[in-house]
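Given next are the chains, with one letter for each unit.
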Amino acid sequence: MNAPRVPTGIAGLDEMLAGGLLPGTANLVEGAPGTGKSTLAMQFIEHGITACDEPGVILTFEEFPEHLIRDAANFGWDFAAHQAAGRLRVLQTSPEVTLADVRRTSGRLETLIEQIGARRVVVDSLSHFERLAADPVELRLLGFELINALKRMGLTAVLTRENPALLGEMREGDDDLAYVVDSYLLLRYVEIDSAVHKALLVLKQRGSAHATDIRQYAITSHGLEVRSRFAGTHGIMSGTPVMTHTEAFAAAFLTPGKK
Amino acid sequence: MADDQDDAAQLMDDIDPHLLDLLRTRINTFIKWDVVRFFHANPHTADTAENLARYIGRDVRVVEPELRQLAQDGVLEAETLADLRVYTLTADAGTVALLDSFMRACDDRQFRIKAIYHVIRSLRRERERP
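The rules we used
Residues numbered from 1 in each chain as written. Chains lettered and ligands numbered in written order. Predicted model: local features only at pLDDT ≥ 70, side-chain atom pairs only at ≥ 80, totals over all residues. Heavy atoms only, no water. Helix = DSSP H or I, 4+ residues; strand = E, 2+ residues; numbered from the N terminus. Buried < 20%, exposed > 50% of the residue type's maximum accessible area, 1.4 Å probe, protein only. Contact = heavy atoms within 4.5 Å. Areas by Shrake-Rupley, 256 points an atom, 1.4 Å probe, with all protein chains shown as cover. Pairing = 2+ DSSP bridges. Axes fitted to C-alpha atoms, helices over the stretch in contact; angles between N-to-C directions. Buried area = accessible area lost by both parts, 1.4 Å probe. Salt bridge = Lys/Arg side-chain N within 4 Å of Asp/Glu carboxyl O. Polar contact = N/O pair within 3.5 Å; in protein donor to acceptor, adjacent residues only side chain to side chain. Nonpolar A, V, L, I, M, F, W, Y, C, P; charged D, E, K, R; others polar. Expected span 1.5 Å × (residues − 1). Arc of directions from axis to C-beta. Parallel < 35°, antiparallel > 145°, perpendicular 65-115°, else oblique.

**Q** Could you clarify how one ought to interpret the overall build of chain A in this entry?
**A** Helix and strand counts for chain A stand at nine helices and eleven strands. Counting the 259 residues in chain A, one finds 55% classified as buried. Summarising the internal contacts of chain A: among those between residues at least 6 apart in sequence, 66% fall at separations of at least 24. Of the roughly 11,500 Å² of accessible surface on chain A, 54% is carried by carbon and sulfur atoms.

Following this line, the structure appears as C-alpha cells:
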C-alpha cells in the first residue's frame, strides 16, 4: 500500500520524492544564496493552501513578512489574500523566541496552528539557529527539539538552510542536522560551458524510495520547475562537472566543426 | 505673532480627533512611529526588544523603553517567555483598526506634516518637563 504523501506542487520534485513528502516529517532544503530555497518553501505552502486544503504557517527569521508576501506575489501567489482568509500566517520571529514558545504548553505558535488548522510549516531559515550555539552537538539538540515540536503539532515541515559554498565544496563537520531530518534536498550551482546551471538532488528520504539522479531545475515566473537529469557529464556535485568519456569522444570526433 | 502661532496650531489640529489623540498620547515619538509602522506591516511578529530594534534599524537602548511604553498604552502586548521579554501587536480589534487608520492616513503628505508637528511638540514638551 502506498503511504499518503504531501505533494510540494513542484512536478518534477514530487516525482523524485515518489509522490511528495511524507506527512508529519521534517524536510531540509539546503542551498547557496539565490538557489531558490525560499521559493521552493513558499511553493510548498501555496500548493498546500490552493490545491490540498492544507493551511500553512511560515516562520521567518530574517526576511520581513511584508517582503516575503511581495516576493510571493511575483510568482502569482496571493499570500496577502491567504492571510486575510485565515489560511496562512507569516510570522517574523527569532530562533530564541521560537524555542521558548514551543517549549511551553499552548504557546503562541501552537495556538495559531490550531486556530487556522495549519498542516504545513516553513522555517526560513535554520541557519539562524547557529547563533544560539557554537557547539555542533548542542546545535543538533536544538534543531532536534524544534523538529520534534513541529511534529508534535502534526505539521509537515520544510526547513531551509543556507550553504555558503557557491560551487564545489560541501558543508562539512557541522552537518549533524542532516541526520535529524527525514529528508534532505540539496540545491547547487553547476558550471557547464561557462554558464551557471542549477542542480537538485534528493540526498535522503527516510521511509521512502526517492530518485537518486541529479536534476536540472529553473526558477520560472510561476516557481521552481524541475527538469531532466544532467546528461553526458559527471562530477555534477563538484560544481564543475566534466564530460563522460562517451560525450568527450563525441564532442572531439563526431560533432561537426570540432576536431 | 501669538495669533499666527494659534492659527498654525489650529491648522495642525485639523485631523481626525481619534488620530489626534493617538498622536498626542501614544504615538508621540518617532521611535514609536517606526515600531507601529513595522508591526502594522508585519502584524504576526513576536520578538525581543533587541531583535525588534534590529528590524527597524535603531539602537536597542533607545527602542526598549518605547516598546515598554507602547505595551503600557495597549498598542503592543508584552509577555515573558523563559528569560525573554517578547513583544507582539495588541489583539484588541479596536486598537488595530485605529492603527490601520493612522497608517492609511500617513499615505497623505498633508497628514504626515501634521503628524510630524505633533510628535515634535510632544518631544519638546517632554524635554522641557522639569
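**Q** What should I look at first to understand the sheet that holds strand β3 (residues 84-89) of chain B in this one?
**A** Residue and element names in this part refer to chain B. Strand order in the open sheet formed by three strands is β1-β3-β2, with antiparallel pairing between adjacent strands. One side of each edge strand has no neighbouring strand; the edge strands of this open sheet are β1 (46-48) and β2 (76-81). Across the sheet, the mean angle from the axis of one strand to that of its neighbour is 35 degrees, orientation sign disregarded. As paired strands, β1 and β3 are joined by three bridges and run antiparallel to one another.

**Q** It is not clear to me how the interface of chain A and chain B should be interpreted in this structure. Could you clarify?
**A** Many descriptions give the size of an interface as the accessible area lost when the pieces come together. Each partner contributes to the interface: chain A provides 17 residues, whereas chain B provides 17 residues. Buried surface at the junction of chain A and chain B, both sides included, amounts to about 1,400 Å², of which 54% is carbon and sulfur. The interface formed by chain A and chain B contains two salt bridges. The residue Arg 104 of chain A makes a salt bridge to Glu 79 of chain B at a minimum N-O spacing of 3.1 Å. Where chain A meets chain B, there are eleven residue pairs in polar contact (both at pLDDT 80 or more). Put simply, the parts of the chain that give the side of chain A that touches chain B at least two residues each are α3 (65-74), β3 (88-92) and α5 (95-103) of chain A. Grouping the constituent residues of the side of chain A that touches chain B by class yields six nonpolar, four polar and seven charged.

**Q** Would you mind going over the pairing of strand β5 (residues 156-162) of chain A with me for this structure?
**A** Along a regular strand, successive side chains alternate from one face of the sheet to the other. All names here are of chain A. In terms of burial, β5 is a largely internal element, six of the seven residues being buried. With six bridges connecting them, strand β1 (residues 26-31) and β5 associate as parallel partners. Within β5, the residue paired with Val 29 across the bridge is Thr 160.

**Q** Any chance you could explain the environment of Ile 116 of chain B here in plain terms?
**A** Residue and element names in this part refer to chain B. Secondary-structure assignment places Ile 116 in helix α7 (residues 109-128). Judged by relative accessible area, Ile 116 falls into the partly exposed class, the value being 34%. Sequence spacing of Ile 116 and Asn 28 is 88 residues, and the spatial spacing of their C-alpha atoms is 9.2 Å. Among residues more than four places away in sequence, those in contact with Ile 116 are Phe 30 and Trp 33.

**Q** Sorry if this is basic, but what is going on with helix α7 (residues 136-152) of chain A here?
**A** An α-helical segment advances 3.6 residues per turn. Residues three or four places apart therefore align on the same side. Residues and elements named next belong to chain A. Taking 1.5 Å as the rise per residue, α7 with 17 residues should run 24 Å; its terminal C-alpha atoms sit 24 Å apart, in good agreement. Restricting attention to buried positions, one finds in α7 the residues Leu 139, Leu 142, Gly 143, Leu 146, Ile 147, Ala 149 and Leu 150. Projected onto a plane normal to the axis of α7, the buried residues spread over an arc of 160 degrees and lie on a single side. Opposite the buried face of α7, at more than 90 degrees from it, the exposed residues are Val 137 and Leu 141. Gly 154 sits one or two residues past α7 and shows a positive phi near 80 degrees.

**Q** Please clarify how the sheet that holds β5 of chain A should be interpreted in this entry.
**A** All names here are of chain A. Pairing is mixed across the open sheet formed by nine strands, whose spatial order is β3-β2-β4-β5-β1-β6-β7-β8-β9. The strands lining the two open edges of the sheet, one partner per strand, are β3 and β9 (223-229). Here the strands of the sheet are splayed against their neighbours by 25 degrees on average, with no regard to which way each runs. The pairing of strand β7 (residues 195-205) with strand β8 (residues 215-220) spans two bridges and is antiparallel. Bridged to Leu 200 within β8 is Arg 215. Its contacts with the sheet put α3 on β2 (56-60) and β3, and the angle it makes with β3 is roughly 135 degrees.

**Q** How do you make sense of the packing of helix α3 (residues 30-41) of chain B against helix α4 (residues 49-56) of chain B when you look at a structure like this?
**A** Two quantities define a packed helix pair, namely the angle between the axes and the distance from one axis to the other. Residue and element names in this part refer to chain B. At their nearest, the axes of α3 and α4 sit 10 Å apart, and the two run at 90 degrees to each other. Judged by the angle between their axes, α3 and α4 are roughly perpendicular. Residues Asp 34, Val 35, Phe 38 and Phe 39 of α3 touch α4, and the partners they reach there are Leu 52, Tyr 55 and Ile 56. Along the lines of polarity and charge, the residues of the contact of α3 with α4 split into six nonpolar, no polar and one charged.

**Q** Explain the side chain of Thr 48 of chain B to me, please; I cannot follow it from the model alone.
**A** The topology assignment puts Thr 48 of chain B in strand β1. Judged by relative accessible area, Thr 48 of chain B falls into the buried class, the value being 8%. The residues contacting Thr 48 of chain B, other than those within four sequence positions of it, are Val 97 of chain A together with Leu 84 and Arg 85 of chain B.

**Q** Looking at this structure, how should I read unusual backbone geometry?
**A** Glycine aside, residues mostly have negative phi, and peptide bonds are mostly found in the trans state. All names here are of chain A. A cis amide bond, omega 5 degrees, links Asp 124 with the succeeding residue Ser 125. Take Ser 125: it is sitting in the loop between β4 (120-124) and α7. One non-glycine residue, Ser 106, lies in positive phi territory at about 50 degrees. By the element assignment, Ser 106 lies in the loop between α5 and α6 (108-116). You will see that Ser 194, though not glycine, has its phi angle at about 65 degrees, which is positive.

**Q** I would appreciate a short explanation of the environment of Ala 41 of chain A in the present structure.
**A** All names here are of chain A. Along the chain, Ala 41 falls in helix α2 (residues 37-51). A residue is classified by how much of its surface remains accessible, and Ala 41, at 1% relative accessible area, is buried. In this structure, the C-alpha to C-alpha distance between Ala 41 and Ala 157, residues 116 residues apart in sequence, is 9.3 Å. Apart from the residues within four sequence positions on either side, Ala 41 is in contact with Val 122, Val 158 and Thr 160.

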